[in-house]
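# A look at the structure
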Amino acid sequence: MSVKVSRRAHFNAAHRLYKADWSNEKNDAVFGKCNNPNFHGHNYELIVSVTGEIDPSTGFVMDMKVLKDLIKSEVEEALDHKNLNLEVPEFKDLNPTAENIAVVIWNKLRSHIEKNKDLEVVLYETPRNFVTYSG
Ligand code: NI
């Protein structure tokens, strides 16, 4: 019997979407306000889900305290209140779109989750815009 368990988390971060090798006009056309050279912030909402068999001895798919601590150490401490472009090494040469942030978060968590369990990351950049990555 496979069950999906989820933990919700939150972080604030600033970013700018642009490509250095494009003209200002092209960056404005593609990225709009997200190309503001002075950066802007988002209140990101994150839902991390782990799917697997229930351990018959504990009744858990995964101890949620462990998942909570993992999100705190791997995601919140790395991204919360950071300028993603300037302060987070993964985005040195990677545009910090919601898509890319979700993939980075998934990669940070994957090695800490048991191999026989599936990991899914849902990232809300705004209440209406969200992306999903599951590897
Ligand atoms: Ni933005």
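This one's a predicted model, so the numbers in the text were calculated from it and none came from an experiment. (Residues numbered from 1 in each chain as written. Predicted model: local features only at pLDDT ≥ 70, side-chain atom pairs only at ≥ 80, totals over all residues. Heavy atoms only, no water.)

### Observations concerning the overall build of the protein chain
On a plain count of helices and strands, the protein chain comes out with four helices and five strands. Once the C-alpha set of the protein chain is aligned to its principal axes, its extents read approximately 60 × 25 × 25 Å. Within the span of the protein chain, comprising 135 residues, buried residues form 39% of the whole. A fraction of 66% describes how many contacts in the protein chain between residues 6 or more apart in sequence connect residues 24 or more apart. Just so you have it, the protein chain exposes about 8100 Å², and 51% of that area is on carbon and sulfur atoms. (Helix = DSSP H or I, 4+ residues; strand = E, 2+ residues; numbered from the N terminus. Buried < 20%, exposed > 50% of the residue type's maximum accessible area, 1.4 Å probe, protein only. Contact = heavy atoms within 4.5 Å. Areas by Shrake-Rupley, 256 points an atom, 1.4 Å probe, with all protein chains shown as cover.)

### Concerning the coordination of the nickel ion
Coordination of the nickel ion by the protein is provided by His15 (NE2), Cys34 (SG), His40 (NE2) and His42 (NE2), with metal-donor distances spanning 2.1 to 2.7 Å. Geometry at the nickel ion is irregular, judged from its four donor atoms and the angles of 91 to 141° they form at the metal. Counting residues between consecutive donors of the nickel ion along the chain gives the motif H-x18-C-x5-H-x1-H. Residue His40 shares its accessibility class with His42, and that shared class is buried. (Donors = N, O, S within 2.8 Å, 3.2 Å for Na, K, Ca; no water. Tetrahedral: all angles 85-135°; square planar, octahedral: opposite > 155°, others 65-115°.)

### Some details on unusual backbone geometry
Residue Phe39 is not a glycine yet carries a positive backbone phi of 70°. By the element assignment, Phe39 lies in the loop between helix 1 (24-31) and strand 2 (40-53). On the accessibility criterion, Phe39 (24% relative accessible area) is partly exposed. Residue His81 is not a glycine yet carries a positive backbone phi of 60°.

### What about the side chain of His42?
One can find His42 in strand 2. Here the side chain of His42 touches His40 through a polar contact of 3.2 Å, side chain to side chain. A polar contact is formed between the side chain of His42 and the backbone oxygen of Glu125, at a distance of 3.5 Å. Setting aside anything within four residues of it in sequence, one finds His42 in contact with Phe11, Asn12, Ala13, His15, Glu125 and Thr126. (Polar contact = N/O pair within 3.5 Å; in protein donor to acceptor, adjacent residues only side chain to side chain.)

### Some words on the pattern of salt bridges
Taken as a whole and judged by the stated rule, the model has six salt bridges. Across the salt bridge formed by Asp69 and Lys65, the nearest N and O atoms sit 2.8 Å from each other. Taken as a pair, Asp69 and Lys65 lie in helix 2 (residues 64-79) at a separation of four residues, close to a single helical turn. Close ionic contact of Glu77 with Lys72 constitutes a salt bridge, the shortest N to O distance being 3.7 Å. (Salt bridge = Lys/Arg side-chain N within 4 Å of Asp/Glu carboxyl O.)

### What to know about the pairing of strand 1 (residues 2-15)
Bridge count between strand 1 and strand 2: 14 bridges; the pairing is antiparallel. Bridged to Lys4 within strand 2 is Thr51. In this sheet, strand 3 (residues 82-83) lies alongside strand 1 in parallel orientation, the contact comprising two bridges. Within strand 3, the position partnered with Ala13 by the bridge is Lys82. (Pairing = 2+ DSSP bridges.)

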